[in-house]
Amino acid sequence: MSPDGPDGVTEPDEADADAEATGPDAEAPADVEATGPVAPAGAEATEPTRSGLGAERASAACFGVSTLAALALAAVYWEGGQVQAEGVLLAIALGGIGAGIVLWAKHFMPDDEVTEDRPPMPSTKEDVEAFTEAFEAGESSLRSRRVLVAMGGGACAALGVALLFPIRSLGPRPGSGLKRTPYAGGGKRVVREDGSPVRPTDVSPGGFITVWPEGHTDDADSPTLLIRLRDGQELELSDGRESWVVDDVIAYSKLCTHVGCPVGLYQQELGLLLCPCHQSTFDVLDGAKPVFGPAARSLPQLPLAVDDQGYIVATGDFSDPVGPGFWDRGR
Ligand code: FES
């Protein structure tokens, strides 16, 4: 191999190695090949070769492309996001850093294996210093190590910034919004899905319909069951709720207090509401308390009244937060 071969390795010829080596191999048997990173002590860093320069530029280009892709990823996300584009840009950003590191390691880090059959031979301080110098010089000198380090660091930093952006997707803090529904404040009519108001007599005895607060038929936390009792059914209402029922019509949240499924099955003879998900059963005649299944809380009740036109209105919000109550601690 020539002293300045295509891969940038400078090798002393064997005769010279035997005569002049002063590094870690100085006392090695004559048949040991001294190649690769174990350079003679005092070895000068080699001049960059053409292939080394090409690899350096390619590595820097990879880091540059990665930086641009990461910044573009952040911009796309900031503008509202586009899943496919984000995936491609993330792949380019990560791939650019990976390719840059591979090129760097392949061309500027020594990778020869040196084996030797010999007893332990601890290195002297001079040997260690010589090895360190040769190792840091590498196979081919970096013309602009600082630029390459800066480019690589910039690519990683840009990607790090882009990866922080999904925090924005967590959205605003819910605050007390989970504890209120559009019924809060009272005075809202209850309406069917088509927006039509409801009179007590629109619900047949033993039947039920699903209603929402007027103007909020799309609200996920507002579905409400309006249930009309059968003749002869007696309610056991807790104190203060005696006036929450109008003409034998009582209202409960439709969201199961277990994990939020819609409670949609009603056994009118027994006055029991069933949740189809895990069979929680609520006693309509006794404040919708759970009598079977995993639900631990009653269905929240809605206070009702009738306005001057005979339509049912809610006089306030539900008695408790609707749905699963894990956020309700301390209320
Ligand atoms: S969600 Fe209703 S019982 Fe589980």
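Cut-off values and rules
Residues numbered from 1 in each chain as written. Predicted model: local features only at pLDDT ≥ 70, side-chain atom pairs only at ≥ 80, totals over all residues. Helix = DSSP H or I, 4+ residues; strand = E, 2+ residues; numbered from the N terminus. Buried ≥ 20, exposed ≤ 12 C-beta atoms within 10 Å, placed from the backbone. Contact = placed C-beta atoms within 7 Å. Pairing = 2+ DSSP bridges. Axes fitted to C-alpha atoms, helices over the stretch in contact; angles between N-to-C directions. pLDDT = per-residue confidence, 0-100. Expected span 1.5 Å × (residues − 1). Parallel < 35°, antiparallel > 145°, perpendicular 65-115°, else oblique. Left-handed = near helix turned anticlockwise from the far one by under 90°. Nonpolar A, V, L, I, M, F, W, Y, C, P; charged D, E, K, R; others polar.

**Some thoughts on the overall build of the protein chain**
1) Next: Assigned secondary structure in the protein chain consists of five helices and 11 strands.
2) Next: A total of 331 residues make up the protein chain; the buried ones form 31% of that total.
3) Next: Excluding contacts between residues fewer than 6 apart, the proportion of contacts in the protein chain whose partners are at least 24 apart in sequence is 61%.

**Comments concerning the pairing of strand 4 (residues 249–253)**
Successive residues of a regular strand alternate their side chains across the two faces of the sheet.
1) Next: Taking burial as the measure, the five residues of strand 4 include five buried ones, the bulk of the element.
2) Next: Here five bridges tie strand 3 (residues 224–228) to strand 4, and the two strands are oriented antiparallel to one another. Bridge pairing links R228 to V249 in strand 4.
3) Next: The pairing of strand 4 with strand 9 (residues 301–302) spans two bridges and is antiparallel. Bridge pairing in strand 9 places Y252 opposite Q301.

**Focus: the sheet that holds strand 1 (residues 188–191)**
1) Next: In space, the seven strands of this open sheet follow the order 9-4-3-2-1-11-10, with antiparallel pairing throughout. Two strands lie at the open edges of the sheet, namely strand 9 and strand 10 (304–306), each paired on one side alone.
2) Next: As judged from the two bridges shared by strand 1 and strand 11 (residues 312–314), these two strands associate in the antiparallel manner. Directly across from R189, in strand 11, lies its bridge partner V313.

**Topic: the environment of L265**
1) Next: Topologically, L265 is positioned in strand 5 (residues 265–267).
2) Next: For L265, a count of 12 C-beta atoms within 10 Å translates into the label exposed.
3) Next: Sequence-wise, L265 and C275 are 10 residues apart; in three dimensions their C-alpha atoms are separated by 6.6 Å.
4) Next: Residues contacting L265, with those up to four places away along its chain left out, are L273, L274 and P276.

**Digging into the environment of H278**
1) Next: Here H278 shows up in the loop between strand 6 (272–274) and strand 7 (281–283).
2) Next: Separated by 16 residues in sequence, H278 and P294 have C-alpha atoms that sit 7.1 Å apart.
3) Next: Setting aside its immediate chain neighbours within four residues, H278 contacts H258, G293 and P294.

**Details of the sheet that holds strand 5**
In a beta sheet, neighbouring strands are held together by backbone hydrogen bonds and run either parallel or antiparallel to one another.
1) Next: Sheet architecture is open: four strands sit in the order 5-6-7-8, paired in antiparallel fashion. This sheet does not close on itself; its edge strands, each paired only once, are strand 5 and strand 8 (289–292). Taken over all neighbouring pairs, the strand axes of this sheet differ in orientation by 35° on average, direction set aside.
2) Next: For strand 7 and strand 8, the ladder comprises three bridges, and the chain directions are antiparallel.

**Some thoughts on the pairing of strand 1**
1) Next: Side chains K188 and V190 project from strand 1 onto a buried face, and the interleaved R189 and V191 project onto a face without burial.
2) Next: Sheet topology note: the strand 1/strand 2 (residues 208–213) ladder contains two bridges and is antiparallel. Bridge assignment links V191 to a residue of strand 2, and that residue is W212.

**Looking at the confidence of the model for the protein chain**
1) Next: Averaged over every residue, the pLDDT of the protein chain is 82; residues scoring 70 or more account for 82%.
2) Next: Long-range and interchain partners of residues 1–43, a stretch whose pLDDT sits below 50, account for 66 contacts in this model, where long-range means more than four residues apart.

**Thoughts on helix 3 (residues 83–108)**
1) Next: In this model helix 3 runs 37 Å from its N-terminal to its C-terminal C-alpha over 26 residues, within 8% of the 38 Å that 1.5 Å per residue would give.
2) Next: Those residues of helix 3 lying buried are L89, A93, G96, I97, G100, L103, W104, H107 and F108.
3) Next: On its buried face, helix 3 is in contact with helix 2 (50–78) and helix 5 (145–164).

**Digging into the packing of helix 2 against helix 3**
1) Next: One way to put it is that helix 2 packs onto helix 3 with a least axis distance of 8 Å and a crossing angle of 160°. One finds that helix 2 runs roughly antiparallel with respect to helix 3. Between helix 2 and helix 3 the crossing geometry is left-handed.
2) Next: Residues of the contact of helix 2 with helix 3, tallied by class, amount to 20 nonpolar, six polar and one charged.

**Notes on the packing of helix 2 against helix 5**
Packed helices, taken two at a time, are described by the angle between their axes plus the distance between the axes.
1) Next: As a packed pair, helix 2 and helix 5 sit with axes 8 Å apart at the nearest point and diverge in direction by 20°. As judged from the angle between their axes, helix 2 and helix 5 are roughly parallel. Where helix 2 crosses over helix 5, the handedness of that crossing is left-handed. Note on element contacts: helix 5 touches helix 2 through V147, L148, M151, G152, G154, A155, A158, L159, V161 and A162, opposite E56, S59, A60, F63, G64, S66, T67, A70, L71, L73 and A74.
2) Next: When the residues that make up the contact of helix 2 with helix 5 are grouped by side-chain class, the tally is 14 nonpolar, six polar and one charged.

**Examining the environment of A70**
1) Next: Within the secondary structure, A70 sits in helix 2.
2) Next: It is 9.0 Å that separates the C-alpha atoms of A70 and A157, two residues lying 87 residues apart in sequence.
3) Next: If we skip the residues at most four places from it in the chain, A70 touches A93, A155, A158, L159 and A162.

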